[in-house]
Amino acid sequence: MEARMKSRANPDVVTAIQHLYKAIHAGGVDPLVLGLVHLRASQINGCSPCVFAGIAAAKKQGETDERLHNVVTWRETPFYTEAERAALALTEAATRIQDGAPGVTDEIWDAAAAHFDEEQLSAINLEIALTNFFNRINRTIREQAGKTW
């Protein structure tokens, strides 16, 4: 599979994305939680460059192989806190928006709100949205894991 585009993004887009990342990281959420959110959304969307980059970044922040290898099966493993589980459930519900999917139910939102304040929920929601943004771009242009970033 070949990537469809070789050029870099418009500098104005890069600046806007940097501002979004700044807002996300100013939200007071543990970076490891944000990494799990990014990884899970990218797994759902089949975005190999985001999975690859997400794992590399999480390892640099001290995340363990055990937890990274089990994000896809987080419900069946003992490796995640209740707050992380709430963030992962929110990620899945917000990412899986196909026809007929229930989306973010009150139960899912309330579970996340029990662990995160509004500023943190805003940051998690923005991380989910930005990850989905990159996942869709990378899938469209056939970006490959480890090739450019």
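Residues numbered from 1 in each chain as written. Predicted model: local features only at pLDDT ≥ 70, side-chain atom pairs only at ≥ 80, totals over all residues. Heavy atoms only, no water.

Caption draft 1: Spatial organisation of the environment of Pro-78. You can see Pro-78 is positioned in the loop between α4 (65-69) and α5 (82-95). Between the C-alpha atom of Pro-78 and that of Arg-67, which follows or precedes it by 11 residues, the distance is 9.4 Å. (Helix = DSSP H or I, 4+ residues; strand = E, 2+ residues; numbered from the N terminus.)

Caption draft 2: Up close: the pattern of salt bridges. Within this structure, the stated rule accounts for seven salt bridges. Notably, a salt bridge pairs Glu-92 with Arg-75, separated by 2.7 Å at the nearest N-O pair. Linking Glu-92 in helix α5 with Arg-75 in the loop between α4 and α5, this pair joins segments that are 17 residues apart in sequence. What you see here is one network of salt bridges that share partners, running through Arg-40, Arg-75, Glu-92 and Arg-96. (Salt bridge = Lys/Arg side-chain N within 4 Å of Asp/Glu carboxyl O.)

Caption draft 3: Spotlight on the nonpolar core. Counting residues in hydrophobic clusters, the biggest one holds 20 residues, and the most contacted among them are Val-29, Val-33, Val-37, Ala-87, Leu-90, Phe-116 and Ile-124. Those elements that place two or more of their residues in this core are α1 (11-25), α2 (31-45), α5 and α7 (118-141). Counting residues per element, this core draws most heavily on α7, at six residues. The contacts of Phe-116, once residues within four sequence positions are left out, are Val-33, Ala-83, Ala-87, Leu-121 and Ile-124. Of all hydrophobic cores here, the second largest spans 10 residues; its members include Leu-68, Val-71, Leu-88 and Ala-89. (Core = buried A, V, L, I, M, F, W, Y, C linked by side-chain atoms within 4.5 Å. Buried < 20%, exposed > 50% of the residue type's maximum accessible area, 1.4 Å probe, protein only. Contact = heavy atoms within 4.5 Å.)

Caption draft 4: Molecular detail of the confidence of the model for the chain. Overall, the prediction assigns the chain a mean pLDDT of 90, with 89% of residues at 70 or greater. For the chain, α1 is the element with the lowest average pLDDT, namely 88, and helix α6 (residues 106-113) is the one with the highest, namely 98. (pLDDT = per-residue confidence, 0-100.)

Caption draft 5: Layout of the packing of aromatic side chains. Counted under the stated rule, the structure contains three aromatic pairs. Consider the rings of Tyr-21 and Phe-134, whose centres lie 6.4 Å apart with planes at 10°: the pair is stacked. In this pair, Tyr-21 sits in helix α1 while Phe-134 sits in helix α7, placing the two residues 113 residues apart along the sequence. When its relative accessible area of 30% is taken as the criterion, Tyr-21 is described as partly exposed. Look at Phe-79 and Tyr-80: their rings are 6.5 Å apart centre to centre, the planes differ by 80°, and that puts the pair in the edge-to-face class. Judged by relative accessible area, which is 6%, Tyr-80 ranks as buried. (Phe/Tyr/Trp six-rings, centres within 6.5 Å; stacked < 30°, edge-to-face > 60°.)

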